[in-house]
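So the chains spell out like this:
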Amino acid sequence: MATLTTIRPPAGETTRPRRRQRERPGIKGLRRSLRRHWTLYLLMVVPLVWFAVFKYIPMSNAVLAFKSFNVTKGIWGSPWVGWQNFELFFHNPVFWTLVKNTFILSVYTVAASFPIAIILALALNEIRNGLFKRSVQLVTYAPYFISTVVVVSMTILVLSPRLGIVNEGLGFFGVPAVDFLGNPDYFRHIYVWSDVWQTTGYSAVIYLAALSGIDPALHESARIDGASRLQRIRHVDLPGIMPTAVIILVLAVGNIMAIGFEKAFLFQNPLNLSESEIIATYVYKTGLLNADFSGATAIGLFNSVINLALLLMVNTIAKRITGNGLWS
């Protein structure tokens, strides 16, 4: 019977086998993906370059918030002043007024627009008449493409004390004309509900797309079990769009202090300034009209930090409650 013999290596050589330098799976998968889908990656180049040039590179100029800007010396040559610009803003008599107006207006906008878009999407999803459904979608979606300047002009004409349709209707019933744009108590309502009219149709499209992804078998099972239409909406549709709704809500709350400048500034006048002056309009007046670029940068940086903190906080809360978040 043959015996097995062990072959020993010569003296001085180790018995440890040589290891091949293997390529890591991540890098190998990336190269394979680049070869197969290079056209898709090529399409990503333009938006990535746009973000880098107009979003990320300008972030370096936020250092201006800690300097006293000098035109001749430039941003990086201007002297450092530390937290002085922030302290001036915090001790400004209008600081709390700006924060309050911005916060209330933003919360009001989110609270009004967020549920209405969901209700509209659920209602459209239940319509079986195709022509009527498309007509409603067109009517509600079209205002989104109207520019902010046109929307503000239309609102001013409708609410004009002399020639506005609303005051004409009030006059028909013997009610005296009301200066809606001159009364600060009406500013927030005008701003929010004009924004709801303009953006609800567009927001509903996102929820309609989420509703279309729900398995029809769930509705069939609910019908077999005797569920009514409202019960199917509550137990099938709402849970189906919950992840999308949570993400949109988190993003909306994350931008709660970054409310749009254009509409607030265009609706603004000396009579409603106590309610219409927000951080965005104050930054414009401070930075461009008063040429205080360092102070305006400090205010904008403060606003961005607050938005980031709110985004992280709301995302954490939403992830713990619903299990869905931006990074889940």
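Computed from a predicted model, the values in this text were never measured in an experiment. (Residues numbered from 1 in each chain as written. Predicted model: local features only at pLDDT ≥ 70, side-chain atom pairs only at ≥ 80, totals over all residues. Heavy atoms only, no water.)

A. Layout of the packing of helix α14 (residues 279-289) against helix α15 (residues 293-322). Closest axis-to-axis distance for the α14/α15 pair is 7 Å, and the angle between their directions is 160°. Classified by the angle their axes make, α14 and α15 are roughly antiparallel. Here α14 runs over α15; the crossing is left-handed. Contacts between α14 and α15 pair Ile279, Tyr282, Val283, Thr286, Gly287 and Leu288 from the former with Phe293, Ala296, Ile299, Gly300 and Asn303 from the latter. Looking at the contact of α14 with α15, its residues break down into 7 nonpolar, 4 polar and no charged. (Axes fitted to C-alpha atoms, helices over the stretch in contact; angles between N-to-C directions. Helix = DSSP H or I, 4+ residues; strand = E, 2+ residues; numbered from the N terminus. Parallel < 35°, antiparallel > 145°, perpendicular 65-115°, else oblique. Left-handed = near helix turned anticlockwise from the far one by under 90°. Contact = heavy atoms within 4.5 Å. Nonpolar A, V, L, I, M, F, W, Y, C, P; charged D, E, K, R; others polar.)

B. Highlighting the pattern of salt bridges. For the structure shown, the criterion picks out 5 salt bridges. As a salt-bridge pair, Lys263 and Asp195 come within 3.7 Å of each other at their nearest N and O atoms. One end of the pair, Lys263, is in helix α12 (residues 261-267); the other, Asp195, is in helix α9 (residues 184-212), with 68 residues separating them in the sequence. Like Asp195, Lys263 is buried. (Salt bridge = Lys/Arg side-chain N within 4 Å of Asp/Glu carboxyl O. Buried < 20%, exposed > 50% of the residue type's maximum accessible area, 1.4 Å probe, protein only.)

C. Region of the structure containing the nonpolar core. One finds Ile118, Ala121, Leu122, Tyr207, Leu211 and Ile241 to be the most contacted residues of the largest nonpolar core, which totals 18 residues. Among the secondary structure elements, those contributing two or more residues to this core are α5 (95-126), α9 and α11 (229-254). A per-element tally of this core places α5 first, with 7 residues. The residues contacting Ile241, other than those within four sequence positions of it, are Ile118, Leu122, Tyr207, Ala210 and Leu211. (Core = buried A, V, L, I, M, F, W, Y, C linked by side-chain atoms within 4.5 Å.)

D. Quick look at the packing of α5 against helix α6 (residues 130-141). α6 packs onto α5 with a crossing angle of 160° between their chain directions and a minimal axis gap of 10 Å. Judged on the interaxial angle alone, α6 and α5 are roughly antiparallel. Pair α5 / α6 crosses with left-handed handedness. Between α5 and α6, the residues in contact are Leu120, Leu124 and Asn125 and Lys133, Val136, Gln137 and Thr140, respectively. Its residues placed into classes, the contact of α5 with α6 shows 3 nonpolar, 3 polar and 1 charged.

E. Broad picture of a nonpolar patch on the surface. A cluster of nonpolar side chains, namely Trp38, Leu42, Val45, Val49, Trp50, Phe51, Val53, Phe54, Tyr56, Ile57 and Met59, defines an oily patch on the protein surface of about 1200 Å² accessible area. One can find Leu42 in helix α2 (residues 38-56). (Patch = residues over 30% accessible without salt bridge, like charges linked within 9 Å, V, L, I, M, F, W, Y side chains within 5 Å. Areas by Shrake-Rupley, 256 points an atom, 1.4 Å probe, with all protein chains shown as cover.)

F. Structural detail: the side chain of Ser276. With respect to the helices and strands, the residue Ser276 is situated in helix α13 (residues 273-276). For Ser276, a relative accessible area of 0% corresponds to the buried category. With residues near it in sequence (within four places) discarded, Ser276 still touches Phe187, Ala264, Gln268 and Thr281.

G. Inspection of the side chain of Ser106 at higher detail. Looking at where Ser106 falls in the secondary structure, it is placed in helix α5. Judged by relative accessible area, which is 4%, Ser106 ranks as buried. Apart from the residues lying within four places of it in its own chain, the contact partners of Ser106 are Ile256, Met257 and Ile259.

H. Fine view of the confidence of the model for the protein chain. Scored by pLDDT, the protein chain has a mean of 84; 91% of the residues are at 70 or more. Within the protein chain, helix α7 (residues 148-158) carries the highest mean pLDDT (91), whereas helix α1 (residues 25-36) carries the lowest (77). (pLDDT = per-residue confidence, 0-100.)

I. Structural detail: unusual backbone geometry. Unlike most non-glycine residues, Ala291 shows phi in positive territory, near 60°. On the secondary structure map, Ala291 appears in the loop between α14 and α15. Looking at Ala291, the relative accessible area reads 48%, which means it is partly exposed.

J. View of the packing of aromatic side chains. On inspection of all chains with the given rule, the structure shows 24 aromatic pairs. Here Phe90 and Phe302 contribute two aromatic rings whose centre-to-centre distance is 5.4 Å and whose plane-to-plane angle is 70°, an arrangement assigned as edge-to-face. With Phe90 in helix α4 (residues 84-90) and Phe302 in helix α15, this pair connects stretches of sequence that are 212 residues apart. Within the aromatic cluster, the residues linked to one another by ring pairs are Phe89, Phe90, Phe95, Trp96, Tyr282 and Phe302. (Phe/Tyr/Trp six-rings, centres within 6.5 Å; stacked < 30°, edge-to-face > 60°.)

K. The layout of surface pockets, seen in detail. Volume-wise, the largest pocket comes out at about 1000 Å³. Thr109, Ser113, Asp195, Thr199 and Ala252 are, among the 27 residues lining the largest pocket, the residues nearest its centre. Of the residues forming the lining of the largest pocket, the biggest block, 9 residues, is contributed by α9. The residue inventory of the lining of the largest pocket, partitioned by class, reads 14 nonpolar, 10 polar and 3 charged. For the second largest pocket, the calculated volume is near 460 Å³. Together, 20 residues line the second largest pocket, and Asn255, Ala258, Asn303, Ser304 and Asn307 are the ones closest to its centre. Every element with two or more residues in the lining of the second largest pocket is listed here: α11, α14 and α15. No other element matches the 7 residues that α15 contributes to the lining of the second largest pocket. Tallied by class, the residues present in the lining of the second largest pocket amount to 12 nonpolar, 8 polar and no charged. (1 Å grid on protein atoms, 1.4 Å probe; cavity = no way out; pocket = protein on both sides within 12 Å on 5 of 7 lines; lining within 4 Å. Points joined across faces, edges and corners; volume = space filled by probe spheres on them.)

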